[in-house]
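Take a look at the letters that make up each chain.
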Amino acid sequence: MSASQTSDVPTLLVKIFGKDRPGITAGLFDTLAAYSVDVVDIEQVVTRGRMVLCALVTPPPAGLEGGLRATVHSWAESMKMQAEIISGLGDNRPRGLGRSLVTVLGHPLTAESTAAIAARITKAGGNIDRIFRLAKYPVTAVEFAVSGVETEPLRTALVTHAATFGVDIAVVAAGLHRRAQRLVVMDVDSTLIQDEVIELFAAHAGCEDEVAEVTAAAMRGELDFEQSLHARVALLAGLDASVVDKVRSEVRLTPGARTLIRTLKRLGYQVGVVSGGFTQVTDDLKDRLGLDFAQANTLEIVDGKLTGKVTGEIVDRAGKARLLRRFAAEAGVPLAQTVAIGDGANDLDMLNAAGLGVAFNAKPVVREAAHTAVNVPFLDTVLYLLGVTREEVEAADTHDED
């Protein structure tokens, strides 16, 4: 039948609600089966132990609708549930063109912010088709399936107001690509790890404050990265190479980093890092975390001492974007299927080149330019932006322990 024909076919909406318990769904359809109806659509939601089960079905043979209604109400009463049956025409209203998934992270997620988001979706011309909770901790994460508006204008309408709403929002196009193999590439300093590696080296050289000041200016975009890199590394000249092992031991992973990488690898994703820091640390992280790719600058060491210089290709702002493209080509992943995560101005080209650029606890200039921002200190919350639920993460962890 065409859409116009199905819109004229009579249907019954059977709604059951009450305390959830095993056997409700089977019991309802056993009851309906006695009346030879066909199922057009089903939807079931359970919230805090309360169930709402909706079944859209064709009417029974002529003369039997009254019996069906009485039987369903009687069955529902026997199960201590309530029933409602509504006559109508056709299937659900067709979803509009333009389908997107809107992920909202709240810490907490307030009713006020939820109302503001829903109103903004409506104002942009979208309709909320479904809402699904992805996680309840360490943040509340919910996903809105939206139709009726293209992804880019919806993203603009929502992400630009996320800070006002007091939440983090990501908007991506819905479709099969959401479950396709992807590549995730992240910055290292203040993203994968909590530290700035050059400052760890500087602490051993006694010039930490001076280096930190230059680093902060570079991350704010006030200084050319390559010039600032050479200026900071020059301060490390003469430092004994044995300090490399000490710095590696001092590196602190960001909370949720191991969970993020472990889960991504289980899903078949490839994961890499690019850093304006140093291979002396990133190579160690690659081995420890099982990363697929890693690239950074290399501190020159001669006769057991740091020379105050770097060797090889400089990994700067443009270099990070170039490496993202190189990693994607090597992984066989289209650039549109890549995710980039970073916090500083030198991550901006990479974030903009990726299919999804995530600013993680980033500087204001980065938050404003990225596709989305995460402003909670848990790196594994990025999983929710990819549609992975907390329950899926925990189930995979439990399976591995078994």
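Residues numbered from 1 in each chain as written. Predicted model: local features only at pLDDT ≥ 70, side-chain atom pairs only at ≥ 80, totals over all residues. Heavy atoms only, no water.

### What to know about the overall build of the protein chain
- A count of helices and strands for the protein chain gives 17 helices and 15 strands.
- Over its C-alpha trace the protein chain gives a radius of gyration of 27 Å, far above what one expects of a compact globule, namely 21 Å for 402 residues.
- Considering only C-alpha atoms, the protein chain reaches an extent of 95 × 45 × 40 Å along its principal axes.
- Here the protein chain holds 402 residues, and the buried ones make up 48% of them.
- Summing over all exposed atoms, the protein chain offers an accessible surface of approximately 18,700 Å²; the carbon and sulfur share of this is 52%.
- Treating the 40 positive side-chain charges of the protein chain as one cloud and the 52 negative ones as another, the clouds have centres 4 Å apart. (Helix = DSSP H or I, 4+ residues; strand = E, 2+ residues; numbered from the N terminus. Rg over C-alpha atoms; globule rule 2.2 N^0.38 Å. Buried < 20%, exposed > 50% of the residue type's maximum accessible area, 1.4 Å probe, protein only. Areas by Shrake-Rupley, 256 points an atom, 1.4 Å probe, with all protein chains shown as cover. Lys, Arg positive; Asp, Glu negative; His and termini not counted. Charge placed at Lys NZ, Arg CZ, Asp CG, Glu CD.)

### Topic: the side chain of Asp187
- Tracing the backbone shows Asp187 in the loop between strand S9 (183–186) and helix H7 (197–205).
- A distance of 2.9 Å separates a polar atom in the side chain of Asp187 from a polar atom in the side chain of Lys320.
- Setting aside residues up to four positions removed in sequence, Asp187 forms contacts with Leu192, Val274, Ser275, Lys320, Ile341, Gly342, Asp343, Asp347 and Met350. (Polar contact = N/O pair within 3.5 Å; in protein donor to acceptor, adjacent residues only side chain to side chain. Contact = heavy atoms within 4.5 Å.)

### Structural notes on the nonpolar core
- In this structure, Met186, Leu192, Phe201, Phe278, Leu285 and Ile341 are the most contacted members of the largest nonpolar core, which totals 63 residues.
- In terms of residues, this core owes the most to one element, H7, which gives five residues.
- In contact with Met186, not counting residues within four places along its chain, are Thr191, Leu192, Leu260, Ile261, Val271, Gly272, Val273, Val274, Ile341 and Leu379. (Core = buried A, V, L, I, M, F, W, Y, C linked by side-chain atoms within 4.5 Å.)

### Focus on the pattern of salt bridges
- Under the criterion given, the structure shown has 16 salt bridges.
- Here Glu65 and Arg69 are joined by a salt bridge, their closest N and O atoms 3.1 Å apart. Of this pair, Glu65 and Arg69 both sit in helix H3 (residues 65–78), four residues apart, which is roughly one turn of the helix.
- By relative accessible area, which is 24% here, Arg69 ends up partly exposed.
- Residues participating in the shared-partner salt-bridge network are Asp187, Lys320 and Asp347. (Salt bridge = Lys/Arg side-chain N within 4 Å of Asp/Glu carboxyl O.)

### Structural notes on helix H12 (residues 279–289)
- By the burial criterion, the buried members of H12 are Thr279, Gln280, Val281, Thr282, Asp284, Leu285 and Leu289.
- Remark: Gly290 follows H12 within two positions and exhibits a positive phi of approximately 70°.

### A word on the UniProt feature "domain: Phosphoserine phosphatase ACT" (unreviewed entry) in the protein chain
- Under the UniProt annotation, "domain: Phosphoserine phosphatase ACT" (unreviewed entry) lies at residues 102–171.
- Secondary structure content for residues 102–171 is 37% helix and 37% strand, and the end C-alpha separation is 5 Å. (UniProt positions renumbered as here; feature names shortened; annotations may be inferred.)

### Quick word on the packing of aromatic side chains
- Enumeration over the complete set of coordinates arrives at two aromatic pairs.
- Aromatic pair Phe201 and Phe278: ring centres 6.0 Å apart, planes at 85°, arrangement edge-to-face. Of this pair, Phe201 sits in helix H7 while Phe278 is found in strand S10 (residues 270–278), placing the two residues 77 residues apart along the sequence.
- Look at Phe201 and you get buried, because its relative accessible area is 0%.
- Residue class for Phe278 comes out buried when judged on its relative accessible area of 1%.
- Judged by centre distance (4.7 Å) and plane angle (15°), the rings of Phe293 and Phe327 are stacked. With Phe293 in strand S11 (residues 293–302) and Phe327 in helix H13 (residues 317–331), this pair connects stretches of sequence that are 34 residues apart. Residue Phe293 shares its accessibility class with Phe327, and that shared class is buried. (Phe/Tyr/Trp six-rings, centres within 6.5 Å; stacked < 30°, edge-to-face > 60°.)

### Thoughts on the pairing of strand S1 (residues 10–19)
- Two strands pair when backbone bridges link them, and S1 and strand S4 (residues 82–89) are joined in this way by eight bridges, in the antiparallel orientation. Bridging across to S4, Val14 finds its partner in Ile85. (Pairing = 2+ DSSP bridges.)

### Things to note about the sheet that holds S10
- Taken together, the seven strands give an open sheet; going across it, the order is S12-S11-S10-S9-S13-S14-S15, and neighbouring strands pair in mixed fashion. In this open sheet, the two strands that pair with only one neighbour each are strand S12 (305–311) and strand S15 (372–374). Between one strand axis and the next, the sheet turns by 25° as a mean value, whatever way the strands run.
- With four bridges connecting them, strand S13 (residues 338–342) and strand S14 (residues 356–360) associate as parallel partners. Looking at S14, one finds that Ala340 is bridged to Gly357. (Axes fitted to C-alpha atoms, helices over the stretch in contact; angles between N-to-C directions.)

### Let's talk about the packing of helix H10 (residues 243–250) against H12
- At a minimum axis separation of 10 Å, H10 and H12 run at an interaxial angle of 50°. Overall, the two elements H10 and H12 adopt an arrangement that is oblique. The two elements H10 and H12 cross, and the hand of that crossing is right-handed. Facing Val244, Val247 and Arg248 of H10, the residues of H12 in contact are Gln280, Val281, Asp284 and Arg288.
- Its residues assigned to classes, the contact of H10 with H12 shows three nonpolar, one polar and three charged. (Parallel < 35°, antiparallel > 145°, perpendicular 65-115°, else oblique. Left-handed = near helix turned anticlockwise from the far one by under 90°. Nonpolar A, V, L, I, M, F, W, Y, C, P; charged D, E, K, R; others polar.)

### Quick notes on the packing of H7 against H10
- Put simply, H7 and H10 touch, their axes get as near as 10 Å, and they point 130° apart. One way to sum up the angle between H7 and H10 is to call them oblique. When the axes of H7 and H10 are compared, the crossing they make is right-handed. Where H7 abuts H10, its residues Val197, Leu200, Phe201 and His204 lie against Val243, Val244, Lys246, Val247 and Glu250.

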